[in-house]
Amino acid sequence: MNIRSLTRGDGVVIGAAVLLFIASFFDLTGSPDCSGPYAKVCEAQAQNYSINAWDSLPTLMSLYLAGVIGAALIVLSRALPQPRKVVGLDLGQFGVALTVFAAWTALWTLIGSHGAGAGLIIGLIAALVLAGGAVAGPLVPALQPALIGAPKPQAAPYGAGPNPGYGYPGAQQHQQASQGYGYPGGPTHGQQGGGDATSGGQAGAAPAGAAPAAAATPAAGAPADFAPFWFAVPVARPLYGEDGSPAPIAELAPGTWYLAVEQRGQALIAQTQDGRRGILQDTTGIQRG
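This structure is a prediction, so every number in the text was calculated from the model and none was measured.

**Re the nonpolar core**
Consideration 1: Core analysis: the largest hydrophobic core is formed by 22 residues, its most contacted members being V13, L20, L63, Y64 and L130.
Consideration 2: When contributions to this core are tallied by element, the ones reaching two or more residues are α1 (8-23), α3 (57-79), α4 (91-112) and α5 (118-136).
Consideration 3: Those residues in contact with Y64 that sit more than four places away from it in its chain are L20, A23, S24, L28, A53, T59, G119, L120 and G123.
Consideration 4: In terms of nonpolar packing, the next biggest core, distinct from the first, is built from 13 residues, L239, L252, L268 and L280 among them.

In structure tokens, the structure reads:
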């Protein structure tokens, strides 16, 4: 679960759901106008008949808890890397439907009540904000930025490990130090044997010329000048399978380094830390290591 994939619209949904839950503890009906000689009796009866949503199961389930559950499903669908479905609908779509239903119920419950209390009034406001945030979140650009800003990637991965990979500063030095015969700059067979130009030295020079040629061969479908590099994404982005499947296989999270192993047009073939490979279609704003 990745909470950094939550947006500002999800923040509106969460805040409205909390307000809706708090409103369920307030009175559903207002106090009657108690005046005249029987004012004390009227006030006593009003206290006895004062109820909140937890005293009315139909109102609690159809208005307050329906909205809270809908908000939870929306947030859960954003945080999960793979979409989940309920009765054929994505969790997010099912949650949006519940929030709209809660707002509709709150509106007509308030209209049909005789003297609405704070619980109904605040509940209606919270339900309307909740439904509005759920519907407008994916549509309004102002609600689409990340709720929690992406942290700046740490410099620790850069050659810090014992086996730095492609794209890490220091990787080249590590590879040069570990390469044996045939690596440019590494000792040849002739040099190790004392520097005599014998047939053994000529045999060691052959792989030295073959290694750069093999390294210069680009991967199939990649530009000739492409070299693997590490990168981080500014916001959570889906990673799709190389077979063209429309469903994402993983989600790239901000603050984590991923390895780009190939380029296909404007897209990148990225590899996650657990070894999965896929296509990153949206490469705008990525930070190269």
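From this point, things continue past the structure.
**Focus: the packing of aromatic side chains**
Consideration 1: Here the structure, examined in full by the defined rule, presents seven aromatic pairs.
Consideration 2: Following the ring pairs from residue to residue traces out a cluster consisting of F226, F229, F231 and Y258.
Consideration 3: We note R288 situated over the ring of F229; from NZ or CZ to the ring centre the distance is 3.7 Å.

**What about α5?**
Consideration 1: Here α5 spans 27 Å end to end across 19 residues, near enough to the 27 Å set by a 1.5 Å rise per residue.
Consideration 2: Listing the buried residues of α5 in full gives G119, L120, G123, L124, A126, A127, L130, A131, G133 and A134.

**Description of α4**
Consideration 1: The terminal C-alpha atoms of α4 lie 32 Å apart, and with 22 residues this matches the ideal 32 Å at 1.5 Å per residue to within 8%.
Consideration 2: Among the residues of α4, L91, G92, G95, L98, T99, A102, A103, T105 and A106 are the ones counted as buried. Down the axis of α4, the smallest arc covering the buried residues is 165°, so these residues share one side. Exposed residues lying more than 90 degrees from the buried face of α4 are W104, I111 and G112.
Consideration 3: As for α4, its buried residues are in contact with α3, β1 (85-86), β2 (89-90) and α5.

Cut-off values and rules
Residues numbered from 1 in each chain as written. Predicted model: local features only at pLDDT ≥ 70, side-chain atom pairs only at ≥ 80, totals over all residues. Heavy atoms only, no water. Core = buried A, V, L, I, M, F, W, Y, C linked by side-chain atoms within 4.5 Å. Buried < 20%, exposed > 50% of the residue type's maximum accessible area, 1.4 Å probe, protein only. Helix = DSSP H or I, 4+ residues; strand = E, 2+ residues; numbered from the N terminus. Contact = heavy atoms within 4.5 Å. Phe/Tyr/Trp six-rings, centres within 6.5 Å; stacked < 30°, edge-to-face > 60°. Lys NZ or Arg CZ within 6 Å of the ring centre and 35° of its normal. Expected span 1.5 Å × (residues − 1). Arc of directions from axis to C-beta.

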